[in-house]
Amino acid sequence: MAAALAGGAPAIQVRGVRKVFSGSEGEVLALDGIDLDVEPGELVCLLGPSGCGKSTLLNAIAGFSPPTSGSIVANGRAVTAPGPDRAMVFQEYALFPWMTVEKNVAFGLEMAKVPARERRERVDALLAMLNLREFRDRFPKDLSGGMRQRVAIARVLAIDSPMLLMDEPFGALDALTRRNLQDELLRIWAKLRKTIVFVTHGIEESIYLADRVVVMTYRPGTVKRIVPVTLPRPRDPAAPEFNALKREISQMVMEEQARHAQAEVGGATAD
Ligand code: ADP
Ligand code: MG
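The rules we used
- Residues numbered from 1 in each chain as written.
- Chains lettered and ligands numbered in written order.
- Predicted model: local features only at pLDDT ≥ 70, side-chain atom pairs only at ≥ 80, totals over all residues.
- Heavy atoms only, no water.
- 1 Å grid on protein atoms, 1.4 Å probe; cavity = no way out; pocket = protein on both sides within 12 Å on 5 of 7 lines; lining within 4 Å.
- Points joined across faces, edges and corners; volume = space filled by probe spheres on them.
- Nonpolar A, V, L, I, M, F, W, Y, C, P; charged D, E, K, R; others polar.
- Helix = DSSP H or I, 4+ residues; strand = E, 2+ residues; numbered from the N terminus.
- Buried < 20%, exposed > 50% of the residue type's maximum accessible area, 1.4 Å probe, protein only.
- Lys, Arg positive; Asp, Glu negative; His and termini not counted.
- Salt bridge = Lys/Arg side-chain N within 4 Å of Asp/Glu carboxyl O.
- Polar contact = N/O pair within 3.5 Å; in protein donor to acceptor, adjacent residues only side chain to side chain.
- Pairing = 2+ DSSP bridges.
- Axes fitted to C-alpha atoms, helices over the stretch in contact; angles between N-to-C directions.
- Contact = heavy atoms within 4.5 Å.
- Domains from an automatic or database assignment.
- Parallel < 35°, antiparallel > 145°, perpendicular 65-115°, else oblique.
- Left-handed = near helix turned anticlockwise from the far one by under 90°.
- Buried area = accessible area lost by both parts, 1.4 Å probe.

### A word on empty space enclosed by the protein
No. 1: For the structure shown, the criterion picks out one cavity of 30 Å³ or more.
No. 2: There is about 30 Å³ of room inside the largest cavity.
No. 3: Lining of the largest cavity is provided by Ala 60, Gly 63, Ser 65, Pro 66, Pro 67, Val 79 and Thr 80.
No. 4: Of the residues contributing to the lining of the largest cavity, the split by class is four nonpolar, three polar and no charged.

Shown next as structure tokens:
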């Protein structure tokens, strides 16, 4: 917000984005009329029930799958393809199984031809930052899910992109590991001040993390409401203010889940 007041350009500018998928079952209007600005250094969560178009929107911002119409500008440039200025973290840990933790983290730096000495320094710093130092010689199969996701984050941070796009990155983890990684993400974000767009269907997760929660409608995906979260960090999910927000947002998500259920029933009777 401060950046906008100071006249700075938003990090991401989504305008009138619409996305139609055509498949064997006809056309699906996945996104319609999406307008969204994300400020530099902001942490925004996209929240909504499964199938509401969160991944579609994130993939459009990443440049993997262009919108059918509308425009997206990221870091001052129209998005037409994936780019190193927009790093993506997926739910499934996209690690190379045949490489050690250290090699996985170093991979992007090798590709970018970063000199060996600098590479080593940066990898060391990232392994330390994510508490992975003692695991540097292990292979992904010998790590827990939480550890693997830490490696995936370290690997993406190595590229040092100003923007992280995260698609339900902690969705497959147990509650405790998830909270740990949320805290690590907040710590890294506070330190590196990257712009983060974080997709989740977890209401508590969105309130725990975000500066603003973008609640999406179900099919077509539109922006239902944008809820600013001004609670100071670290946030306490047991605090009354936290719970008040949780109730407010739950209500919105439940309305959309009901629409989802109706759409499913409608689909079933139409067959
Ligand atoms: P979310 O990430 O919120 O669960 P998605 O963005 O994956 O939702 O999907 C939004 C809608 O678009 C869903 O109805 C889904 O079935 C549809 N969809 C997503 N990707 C494709 C695709 N490649 N082809 C056809 N339909 C798709
Ligand atoms: Mg998704």
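Alright, that's what it looks like, and here's the rest.
### A few points about the side chain of Glu 168
No. 1: Along the chain, Glu 168 turns up in the loop between strand 7 (163–167) and helix 6 (175–192).
No. 2: Summary of buried charges: Glu 168 has no salt-bridge partner, and the nearest side chain of opposite charge, Lys 54, is 4.1 Å away.
No. 3: For Glu 168, the side chain forms a polar contact with the side chain of His 201, separated by 2.9 Å.

### Looking at the sheet that holds strand 7
Either a parallel or an antiparallel arrangement is found when strands of a sheet pair, and the pairing is made through backbone hydrogen bonds.
No. 1: Spatially, six strands are ordered 6-7-8-3-9-10 in an open sheet, and the strand pairing comes out mixed. A strand with exactly one partner marks an edge of an open sheet, and here the two such strands are strand 6 (87–89) and strand 10 (223–228). Looking at each pair of strands side by side, their axes are set apart by 20 degrees on average, direction ignored.
No. 2: With four bridges connecting them, strand 3 (residues 43–47) and strand 9 (residues 212–216) associate as parallel partners. Residue Leu 47 lies in a different strand from strand 9, and its bridge partner there is Val 215.

### Observations regarding the sheet that holds strand 4 (residues 69–74)
No. 1: The strand order across the open sheet formed by four strands is 2-1-4-5, and the pairing between neighbours is antiparallel. Across the chains shown, the open sheet's two edge strands, defined by having one partner strand only, are strand 2 (26–38) and strand 5 (77–78).
No. 2: Where strand 1 (residues 12–23) meets strand 2, nine bridges bridge the pair, whose relative direction is antiparallel. Paired with Val 17 across the bridge in strand 2 is Ile 34.
No. 3: Seen against the sheet, helix 2 (residues 54–62) touches strand 1, strand 2 and strand 4 and runs at an angle of roughly 115 degrees to strand 1.

### Some words on the layout of surface pockets
No. 1: There is about 480 Å³ of room inside the largest pocket.
No. 2: Ala 87, Met 88, Arg 155, Val 156 and Ile 159 are the residues nearest the centre of the largest pocket, which is lined by 29 residues in total.
No. 3: Taken together, the elements giving at least two residues each to the lining of the largest pocket come down to strand 6, helix 3 (101–111) and helix 5 (145–158).
No. 4: With five residues, the top contributor of residues to the lining of the largest pocket is helix 5.
No. 5: Each residue belonging to the lining of the largest pocket can be placed in one class, and the counts come to 21 nonpolar, four polar and four charged.
No. 6: Shared between two domains, the lining of the largest pocket takes at least three residues from each, and those domains are domain 1 (6–85 + 163–270) and domain 2 (86–160).

### As for the packing of helix 3 against helix 5
Pairs of packed helices are described in terms of their axes, by the angle between the two and the distance that separates them.
No. 1: Following both chains from N to C, one finds helix 3 and helix 5 inclined at 25 degrees, their axes separated by 7 Å at the closest point. On the basis of the axis angle, helix 3 is roughly parallel to helix 5. In terms of crossing hand, the pair formed by helix 3 and helix 5 is right-handed. Contacts between helix 3 and helix 5 involve Val 101, Asn 104, Val 105 and Leu 109 on the former and, on the latter, Val 151, Ala 154, Arg 155 and Ala 158.
No. 2: By residue class, the composition of the contact of helix 3 with helix 5 is six nonpolar, one polar and one charged.

### Considerations on the domain arrangement of the protein chain
No. 1: If you check the domain split of the protein chain, you get domain 1 (6–85 + 163–270) and domain 2 (86–160).
No. 2: Of note, the centres of domain 1 and domain 2, computed from C-alpha atoms alone, are 25 Å apart.
No. 3: Counting residues at the interface gives 34 residues for domain 1, matched by 19 residues for domain 2.
No. 4: Interface of domain 1 and domain 2: buried area, both sides summed, is about 2100 Å²; carbon and sulfur atoms make up 60% of it.
No. 5: Summed over the shared surface of domain 1 and domain 2, the result is three salt bridges.
No. 6: The closest approach of N and O atoms between Arg 150 and Glu 184, which form a salt bridge, is 2.9 Å.
No. 7: On inspection of domain 1 and its partner domain 2, the count reaches 15 residue pairs in polar contact (both at pLDDT 80 or more).
No. 8: For the side of domain 1 that touches domain 2, the secondary structure elements donating two or more residues are helix 2, strand 7 and helix 6.
No. 9: The leading source of residues in the side of domain 1 that touches domain 2 is helix 6, at eight residues.
No. 10: Its residues assigned to classes, the side of domain 1 that touches domain 2 shows 20 nonpolar, seven polar and seven charged.

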